[in-house]
Amino acid sequence: MKVVRFHAPGDVRFEDMPEPEAGPGEVKIRVRNCSTCGTDVKISKFGHHHIHPPRVMGHEIAGEIVALGDGVEGWAEGDRVQVIAAIPCGKCDECKRGRMTICPNQESMGYHYEGGFAQFMVVPAKVLAVNGLNRIPEGVSFAEASVAEPLACVLNGQELARVGEGDDVVVVGSGPIGCLHVRLAKARGANRVFLVDLNRARLDMAADLVKPDLAIAGEEVDVVQAVLDATDGRGADVIITAAASGAAQEQALQMVARQGRVSFFGGLPKDKPTVTVDSNLVHYRELTIVGANGSSPAHNAEALRLIATGAVPVADLITHRLPLDGAIDAFGIVARGEAIKVTIEP
């Protein structure tokens, strides 16, 4: 079968490898869609310490079951399924407490296991053991289902930041994650949602789709002042930094309302992971700063439900569809910010 496989930083190949077979407790699927994200771009350029090459990349996966391993029950050939990316162990103290997103034993598709940039792949038994194989609801396409994984991460972030009724929310970063944050915040009852990006062209492309209440181009105006002006000086209830920007994280504290919440959703570069925090702002304004790390199997299931009900539409966010041999080109499209969401259709 054909695959897109990482061999070394800067060395990703479209090549052949043997078609896998499902072992005990496993499920084999024909991949119908595997969408791309910024993480794929980083892996292609720099690798990852959890990836021991060669490794088939891709972790936003949807397909149909073509074979069942021994002992697998409750599934049948032809079932349409979505696969979680982050695999908790289900057995440690954190998992037992319902904190699967911070499982210290977490593994991932496309990292520890062969990913979805392939014609076929095997879903590990560990995924099935934690209810990480989800049925795609009727009326939801494979492409839409592949976006459930990033939406699940967004859902985790907004739950931690307690986004809810009446909130003014600022989303910094207008990539696919930022777009999903805008739509989910509205679905959760936010009063107004503001979208911020340095790049005017990228901001306009995203704003045309997700229709924020205000689009703020950071290269043209003072973002902090623009948010304060739009909120009569109060600031926003929630700031979500959906960009790998330390400056954005520092600015967030300057434009969040009293008792507001700041989500450090986007991780920072490994060589510059620190920011300066005015501790007195946090102290006197009773601010909350939260992180967000991936998603749980339950988040993936809920993301599919949100897509199926139309609460969070995703079809129009898929701006590019490419065949499997176009996956490497897709990384460049994502890196250059020319798309909202690029999906690969093996």
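Refer to the structure printed above.
Only a predicted model underlies this, so the values are computations on that prediction, with no experimental measurement involved.

A.B. asks: Honestly, the nonpolar core in this entry has me stumped. Any pointers?
C.D. replies: It is characteristic of soluble globular proteins that their nonpolar side chains tend to be buried jointly. If you look at the biggest cluster of nonpolar residues, it comprises 43 residues, and the most contacted ones within it are Val 169 and Leu 180. Counting only elements with at least two residues in this core, the list comes to helix 4 (142-146), helix 5 (148-160), strand 11 (168-172), helix 6 (176-187), strand 12 (192-197), helix 7 (200-210), strand 14 (236-241) and helix 11 (297-309). The residues contacting Leu 180, other than those within four sequence positions of it, are Val 147, Pro 150, Leu 151, Val 154, Val 312, Val 314 and Leu 317. Judged by nonpolar contacts, the second largest core, of 36 residues, contains Val 83, Met 109, Met 121 and Ile 333.

A.B. asks: Explain unusual backbone geometry to me, please; I cannot follow it from the model alone.
C.D. replies: Residues other than glycine predominantly adopt negative phi, and peptide bonds predominantly adopt the trans conformation. Omega for the peptide link from Pro 53 to Pro 54 comes to 0°, which places this bond in the cis form. Tracing the sequence through the fold places Pro 54 in the loop between helix 1 (38-46) and strand 4 (55-56). Although it is not a glycine, Lys 211 adopts a positive phi angle of roughly 50°. Locating Lys 211 in the fold gives a position in the loop between helix 7 and strand 13 (214-217). Look at Gln 259: it is not a glycine, yet its phi comes out positive at around 60°.

A.B. asks: Please explain the sheet that holds strand 2 (residues 11-16) as it appears in this structure.
C.D. replies: Sheet strands associate in pairs through backbone hydrogen bonding, adopting either a parallel or an antiparallel arrangement. Spatial ordering of the open sheet is given by 2-1-4, a layout of 3 strands whose pairing is antiparallel. Looking at the sheet topology across the chains shown, the edges are occupied by strand 2 and strand 4. Here 2 bridges tie strand 1 (residues 2-8) to strand 4, and the two strands are oriented antiparallel to one another. Counted as the bridge partner of Arg 5 is Val 56 from strand 4. Packing against the sheet, helix 12 (residues 327-335) makes contact with strand 1 and strand 2, and its axis sits at approximately 150° to strand 2.

A.B. asks: I keep staring at the side chain of Arg 55 and nothing clicks. Help me out?
C.D. replies: Along the polypeptide, Arg 55 turns up in strand 4. Polar side-chain contacts of Arg 55 include one of 2.8 Å to the backbone oxygen of Tyr 111. Of note is the side chain of Arg 55, whose polar atom sits 3.1 Å from the backbone oxygen of His 112. Contact partners of Arg 55, with chain neighbours within four places excluded, come to Val 4, Arg 5, Phe 6, Gly 110, Tyr 111, His 112, Tyr 113 and Glu 114.

A.B. asks: Help me out: how do you make sense of the environment of Gly 189 in this one?
C.D. replies: In this structure, Gly 189 sits in the loop between helix 6 and strand 12. Using a relative accessible area of 17% as the deciding quantity, one classes Gly 189 as buried. For the pair Gly 189 and Ala 148, spaced 41 residues apart in the sequence, the C-alpha separation amounts to 20 Å. The residues contacting Gly 189, other than those within four sequence positions of it, are Gly 164, Glu 165 and Gly 166.

The rules behind each value
Residues numbered from 1 in each chain as written. Predicted model: local features only at pLDDT ≥ 70, side-chain atom pairs only at ≥ 80, totals over all residues. Heavy atoms only, no water. Core = buried A, V, L, I, M, F, W, Y, C linked by side-chain atoms within 4.5 Å. Buried < 20%, exposed > 50% of the residue type's maximum accessible area, 1.4 Å probe, protein only. Helix = DSSP H or I, 4+ residues; strand = E, 2+ residues; numbered from the N terminus. Contact = heavy atoms within 4.5 Å. Pairing = 2+ DSSP bridges. Axes fitted to C-alpha atoms, helices over the stretch in contact; angles between N-to-C directions. Polar contact = N/O pair within 3.5 Å; in protein donor to acceptor, adjacent residues only side chain to side chain.

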